Amino acid sequence: NHFLLMKYDNRENLKKAWTWEDTCALGEDEDPVSDTVRMVRGSFYQPINDPMGPWDGEVSPARYADYMEFGVWANRNFYRTFKDYLISIGVKIPIAASNLIAGAADVYGHIDGDFMENNTYFNHPILPYDGKAFNVAGPAEYVSANPLRMQEGIGSMATTLLSLGSISCVADKPFMITEWNEYGLHPFHSTAFVHTIAYACLNGWDGLILYNHHTSE
C-alpha cells in the first residue's frame, strides 16, 4: 500500500491507472491510504496471470503488474542493503541473493547478487508422511520420477534440470546450481554427478554446489 502511494500519490490516481474500458480493478473498499488494497496471492511460484484476463478479476493484469513491480523493488532494496553490509564487515567471497528462483519477477528481484543460483531437480525426495508420523520405509517423490515426461500438478515447473536452470540464467552473470539430484536415497544418485556435470558443460553453467553429505533424516 505504501508502494502504491509512492507511485500514484493518492487513490484517485491509482483508480485511474487501474481502469481500462470503464472497468476498474480497484475495489470500492480498497484505498492505499488505509492499507486496504489487496495483494495478489501466490505460493512458491508466481501467481498465474493472463494479460487478457478479467480486468476486475482476483488477478487483474493491472493489480498483478503493480504487485510484481513492488516485489522486485522490495527484494532489490533488501538484497542491496544486505550485500553492502556484508561487504562492509569484510566478506570477500561472491554473494548471491537467493537459491530459489521461480519466475521472471524473481530473476529481476535477485539480479543484484554477484552471481545467480537456483535449486534444480527433476525429482525431489521427501520422506513419506503418514498422519502425524514419518514413514521411513523410503523416500516419496512429489515431482516427476521420469525426466522424459512432462510433470503436471505440484512441482510442474520442476520437470527437468534444464527448465529450472534456464529460468535463472542472466546474460554476463555467473550461474551456479545449489541443490540437485545427488543426495540421500535418491534413485538417480549413482549417475547424478556425471549427468549434471554434462548438463553444466553443455549450457555454460559456472558451478555446482554439493548438497549434502548428511541430513537430519
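Now for a quick tour of the structure. (Residues numbered from 1 in each chain as written. Predicted model: local features only at pLDDT ≥ 70, side-chain atom pairs only at ≥ 80, totals over all residues. Heavy atoms only, no water.)

As a further point, take the overall build of the protein. Scanning the protein from N- to C-terminus turns up six helices and nine strands. Relative to its full complement of 217 residues, the protein shows a buried share of 35%. Restricting to contacts in the protein with at least 6 residues of sequence separation, those with at least 24 account for 57%. A total of about 13300 Å² of accessible surface is found on the protein, and carbon and sulfur atoms cover 59% of it. (Helix = DSSP H or I, 4+ residues; strand = E, 2+ residues; numbered from the N terminus. Buried < 20%, exposed > 50% of the residue type's maximum accessible area, 1.4 Å probe, protein only. Contact = heavy atoms within 4.5 Å. Areas by Shrake-Rupley, 256 points an atom, 1.4 Å probe, with all protein chains shown as cover.)

With that settled, the discussion passes to the sheet that holds strand β9 (residues 207-208). Hydrogen bonds between backbone atoms are what pair the strands of a sheet, whose relative direction is either parallel or antiparallel. One open sheet holds the three strands; their spatial order is β3-β8-β9, and the pairing between them is parallel. In this open sheet, the two edge strands, each paired with only one partner strand, are β3 (116-119) and β9. Examined bridge by bridge, β3 and strand β8 (residues 175-179) share four bridges and lie parallel to one another. Bridged to Met116 within β8 is Phe175. (Pairing = 2+ DSSP bridges.)

So, about the nonpolar core. Judged by nonpolar contacts, Ile101, Val107, Met116, Leu161, Phe175, Ile177, Trp180, Ala192, Ala200 and Trp205 together constitute the single largest core of ten residues. One finds Leu4, Leu14, Ala25 and Ala62 within the second-largest nonpolar core, a separate group that totals nine residues. (Core = buried A, V, L, I, M, F, W, Y, C linked by side-chain atoms within 4.5 Å.)

With that out of the way, let us pick up the packing of aromatic side chains. A complete count under the given rule lists ten aromatic pairs for this structure. Aromatic ring contacts, followed pair by pair, group Phe3, Tyr67, Phe70 and Trp73 into a single cluster. (Phe/Tyr/Trp six-rings, centres within 6.5 Å; stacked < 30°, edge-to-face > 60°.)

The next point concerns helix α6 (residues 189-203). Given a rise of 1.5 Å per residue, 15 residues ought to cover 21 Å, and the 21 Å separating the end C-alpha atoms of α6 matches this to within 8%. Buried within α6 are the following residues: Ala192, Thr196 and Ala200. Of the surrounding elements, those touching the buried residues of α6 are α5 (161-166) and β9. (Expected span 1.5 Å × (residues − 1).)

What follows deals with the pattern of salt bridges. Per the counting criterion, the structure on display carries eight salt bridges. Where Glu30 meets Arg38, a salt bridge forms, and the shortest distance between an N and an O atom there is 3.7 Å. On the accessibility criterion, Arg38 (45% relative accessible area) is partly exposed. Measuring nitrogen to oxygen at the nearest pair gives 2.8 Å for the salt bridge that ties Arg63 to Glu30. Pair noted here: Arg63 is in helix α3 (residues 61-88) and Glu30 is in the loop between β2 (23-24) and α3, with a separation of 33 residues, a long-range link. Connected through shared salt-bridge partners, Asp29, Glu30, Arg38 and Arg63 make up one network. (Salt bridge = Lys/Arg side-chain N within 4 Å of Asp/Glu carboxyl O.)

This part takes up unusual backbone geometry. For Asp22, which is not a glycine, the phi torsion comes out positive at approximately 65 degrees. Phi at Asp172 is positive, roughly 65 degrees, even though this residue is not glycine. Relative to the helices and strands, Asp172 resides in the loop between α5 and β8. The exposed category is assigned to Asp172, whose relative accessible area is 83%.

A cluster of nonpolar residues, Phe193, Val194, Ile197 and Leu210, forms a patch on the protein surface that exposes about 370 Å² of accessible area. For Ile197, the location among the structural elements is in helix α6. You can call Ile197 partly exposed: its relative accessible area is 43%. (Patch = residues over 30% accessible without salt bridge, like charges linked within 9 Å, V, L, I, M, F, W, Y side chains within 5 Å.)

This brings us to α3. Its 28 residues give α3 an end-to-end C-alpha distance of 40 Å, which sits within 8% of 40 Å, the value for a rise of 1.5 Å per residue. Of the residues making up α3, those classed as buried are Pro61, Ala62, Arg63, Tyr64, Asp66, Met68, Val72, Tyr79 and Lys83. Elements in contact with the buried residues of α3: α1 (2-8) and α4 (104-109). Phi for Gly90, located one or two positions after α3, is positive at around 100 degrees.

It is worth stressing that arrangement in space is one thing and function is another; only the former is reported here.
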